[in-house]
Each structure stands twice: as C-alpha cells, then as structure tokens.
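Chain and residue survey
Listed here are the chains, written in short residue letters.
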Amino acid sequence: GTEAALQIAKRGIKVKLYEMKPVKFSEAHSNTNLAEIVCSNSFKSNLLTNACGLLKEELRVLGSELIPIADKTAVPAGQALAVDREKFAEAVTKVVEEDENIEIIREEITEIPEDGIVIIATGPLTSDTLANKIKALVGEEALAFYDAAAPLIEKDSIDMNIAFYGNRYDQERAKDENVDEWLKKPKLQEASYINLPMNKEEYTEFYNELINAEVVELHEFEKREIFEGCMPVEIMAKRGEDTLRYGPLKPVGFTDIRTGYRPYAVVQLRQDNMEGTLYNIVGFQTNLKFGEQKRVFSKIPGLANANFVKYGVMHRNTYINSTKLLDNTYNLKKNNNIFFAGQITGVEGYVESISSGFVAGINAVHKLRHEPPEIYDKNNVIGALAEYISTEKDDFEPMNANFGIMPELPEKIKEKKERYQKIADRSLQILQK
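Residues numbered from 1 in each chain as written. Predicted model: local features only at pLDDT ≥ 70, side-chain atom pairs only at ≥ 80, totals over all residues. Heavy atoms only, no water.

This paragraph deals with the environment of Leu 428. By the element assignment, Leu 428 lies in helix α14 (residues 416–432). Leu 428 gets classed as buried once you look at its relative accessible area, which sits at 17%. Taking the C-alpha atoms as reference points, Leu 428 and Ala 82, 346 residues apart in sequence, are found 23 Å from one another. Excluding residues within four positions of it along the chain, Leu 428 makes contact with Leu 48, Leu 54, Glu 57, Glu 58 and Val 61. (Helix = DSSP H or I, 4+ residues; strand = E, 2+ residues; numbered from the N terminus. Buried < 20%, exposed > 50% of the residue type's maximum accessible area, 1.4 Å probe, protein only. Contact = heavy atoms within 4.5 Å.)

Next comes the structure, spelled out in structure tokens:
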C-alpha cells in the first residue's frame, strides 16, 4: 500500500492513504507505523540467481521507494536482505508523512469508496467488515491461508559456549584442523547467523517434545488449509522424524564446535535488529501455546536460558481468487476503477507485495490519465508474478517469486546456477531497454 501511494504521489497526484491503526489493530499488528512487519524480518536472498533477489534488483532499477529503505535499514543476514523491522517501518512512515501529495487518514475503512480510483491493499489481515465488502464486490468467497511467525529471543540469553557464529558452507568438518584455532577465525565472528548444533540424542528429545506439545486451538474455518510456504514447525515435524533435518534444521555445511564434526541437526538464529540484540529462530513459525514455546524451544542446546521477547503466532490470512478477478496490472476486471495490491492478491512475501503495489500504483496513474497500461514483460519477475495471479487456474495458491513461473531460456542449460544467472541477465537487459 505504501509503495503504491508513493508511486502515485511522485507522479504529482494527490493520494488519500487510509490506515486503521491506532484506531484498530489486527490480531498480529502492535505499533502505529505504516509498513509494520509482523512475520520474518527477511526480504530473502539478494543474489540474482534467486528469483526474489532478481525481483529486488528489478524494483531498484524501476524506481521502487521501499526497497531502498529496506537496503538502508538492513541487518547482517549473509546473502539475504533482512531488515531491522522497527527502523524499516519508522523510515517508511517518515517518507510517507513528509510527502506533500499524501494525506494519511487514521480510520478504519468499512465501505469501498465508489468515487475516484481505489487501490485495496489491506494485506492478509483485512478486517472482517471490509473483507465482507470485498466478498460482495468480487461476487464470490475470498480464499484463505495461514501465516505463522517465529519467536524472537535476546542475544545475551544465548549460551555461546554451545552456539557458534557461521554461515552455511563457510566452514565444514574440522577433522584436519585444531578446533580451538578454527574458532578464532575472524570470518566466523563476522557471520550473519548464530548456529545451535544438536547431536542425535538432543534432537530426538527435542523432536518428541515438539510433536507432543500443546497448540492453540484453531477455529473450525481455520483448519481447512495450511499454506505450504509458511508451515508451522510442529506440523512439519509430524510429517516424519527426519523432516526437519532435511528442512530448516539441515546440518549441511556446518561443524559442531563440541566435536569438530558435522552435527546431527542445526537450529539457526538470524539477527533481527540493527543493534544485534534480537534474533529470530529461522523456520520456527509456530502455533504452539506461549508456555509450550518457552518449554520446548528451551530444550534446543544453547537456549536453555533463552529470554523470549516475542512468541510465535499463527493467524488467518485472506486473499482473493485473483486469477478470475484481476488483470496483469492488478486491476479488477469487473470494475476498472479498483485495483488490488499486496498479499490479498495472492502474491506471497514482502518483496512480492511491494512489486504488486508498484505495478498497481503506476497503473492507477495511467488509468487516471486515460493512458495505456504499463504491462511488464513475463521475462521479468515483476511481470511473471502479475501474469501468474491474473491467469485462470483451477487451484490458485499464493505464490512467491520463483523462476518456475518465468519463460524458459531458448537454450537448455543443465547447471542450475548458470541457468538462473542467464534468466537474471535476460530480465535486466529487458528492463534497461
């Protein structure tokens, strides 16, 4: 929503930006800033061989307002772009407040305006009243999926006699090295992640506690669907004892400082704020009761005395069946004065949401000026996402940026990294033209 408003405003057009906080908060929001981040603080990879990394670069080239703010409020996260969530929201709010073309109105919208051009960017936590109005507008039931946020812990409460700094593959098995000397390497101290190694016995105990822990009881309507991209860790664990070891707890590329060998499993902690005082548990989105989170996650080696400053939560997310409703500018087909943007359209992720707001905002301007729409090439991630959510399909599920939704290269390239690099090169060459 803020990306859309800023794109419109910088083209000299007045915008009214409605925000219901602090008059009313959703189940997951807690502060009054715009662009509040309630899930992971990661904007995912910055590498061009990653589709989300390429999308960020496309947005930088095209003139996104929010991606540069994310760059400026970044915290160490290896090859990923992760932000200090408080500073990011503060910076976005400041930019919007200082824009003379944007008027922020702090109230809940309960009716969809009939005059002028409207962008509905209410996110996955659309208020019930407005969600019902959207259902009436689109003439069919909105779909729903579920999002789960991981807990945050204080760095000072992590036992660094067990935990160690390191990015995956920076260090492998230390068979041929003196472990004490290896630990003194400056590179390890500058790594973006804190790692918590587990041996088989520790992992088995943790696993059994996790799958038997008490969860928050979901309402009947919330039991219908769990979005695979944000699977709660306890549900993932119940798929098999080794599932976590091939997922968020995979030990590949690490060495247990206690043994000098690869651990049985590794829990990673990623820095969550610029000061480096808070870390989130990577991949530990959860619906466990708060007391159970403290009890079970404290069994992870290194977290016995962990201070949890925010527990994980799970909530219902709402999105419309965009494949039947929107075109590839995020414009509503049955009412061309209305656009949608953000996760309510079925794009999944912060960067993808920014991308949709960028496209919707610019095309709202074209609509107002009676100009042809700005349609982005399917060989760009920004265009491929817009194409994906606007192409009819039987089973529509929220979609992250990925190379699978983009056209194939004319030549066959077996090596994945090389193939993705060529896709990225093609995309950026198109944008430069």
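Now that the structure is up, let's keep going.
Attention now moves to the packing of helix α2 (residues 51–62) against helix α12 (residues 350–368). A pair of packed helices is captured by two measures, namely the crossing angle of their axes and the spacing between those axes. The N-to-C vectors of α2 and α12 enclose an angle of 35°; their axes lie 10 Å apart at closest approach. α2 and α12 meet at a crossing whose hand is left-handed. Taken together, the residues of α12 that come into contact with α2 (itself represented by Cys 52, Leu 55, Lys 56, Leu 59 and Leu 62) are Val 351, Glu 352, Ile 354, Ser 355 and Phe 358. (Axes fitted to C-alpha atoms, helices over the stretch in contact; angles between N-to-C directions. Left-handed = near helix turned anticlockwise from the far one by under 90°.)

This structure, assessed with the given rule, holds 13 aromatic pairs. Here the aromatic rings of Phe 358 and Tyr 376 are separated by 6.3 Å at their centres, their planes lie at 55°, and the arrangement is tilted. Note that Phe 358 is positioned in helix α12 and Tyr 376 in the loop between α12 and α13 (381–390), a separation of 18 residues in sequence. Both residues of the pair, Phe 358 and Tyr 376, belong to the buried class. In textbook terms, an aromatic cluster arises when at least three aromatic residues are bridged by ring pairs, as seen for Phe 43, Phe 88 and Tyr 350. Directly above the ring of Tyr 264 sits Arg 245, whose terminal nitrogen or CZ lies 3.7 Å from the centroid. Between Lys 393 and the ring centre of Tyr 388, over which it is positioned, the NZ or CZ distance is 4.1 Å. (Phe/Tyr/Trp six-rings, centres within 6.5 Å; stacked < 30°, edge-to-face > 60°. Lys NZ or Arg CZ within 6 Å of the ring centre and 35° of its normal.)

The subject of this paragraph is the pairing of strand β10 (residues 193–198). Counting buried positions over the six residues of β10 gives six, a clear majority of the element. Side chains Tyr 193, Asn 195 and Pro 197 of β10 all project onto a buried face; the interleaved residues Ile 194, Leu 196 and Met 198 project onto the opposite face, where all are buried too. Sheet analysis places strand β9 (residues 164–165) next to β10, joined by two bridges and oriented antiparallel. Following the sheet pairing, Phe 164 is matched in β10 by Asn 195. (Pairing = 2+ DSSP bridges.)

Without other data, these values stay purely geometric and don't point to any function.
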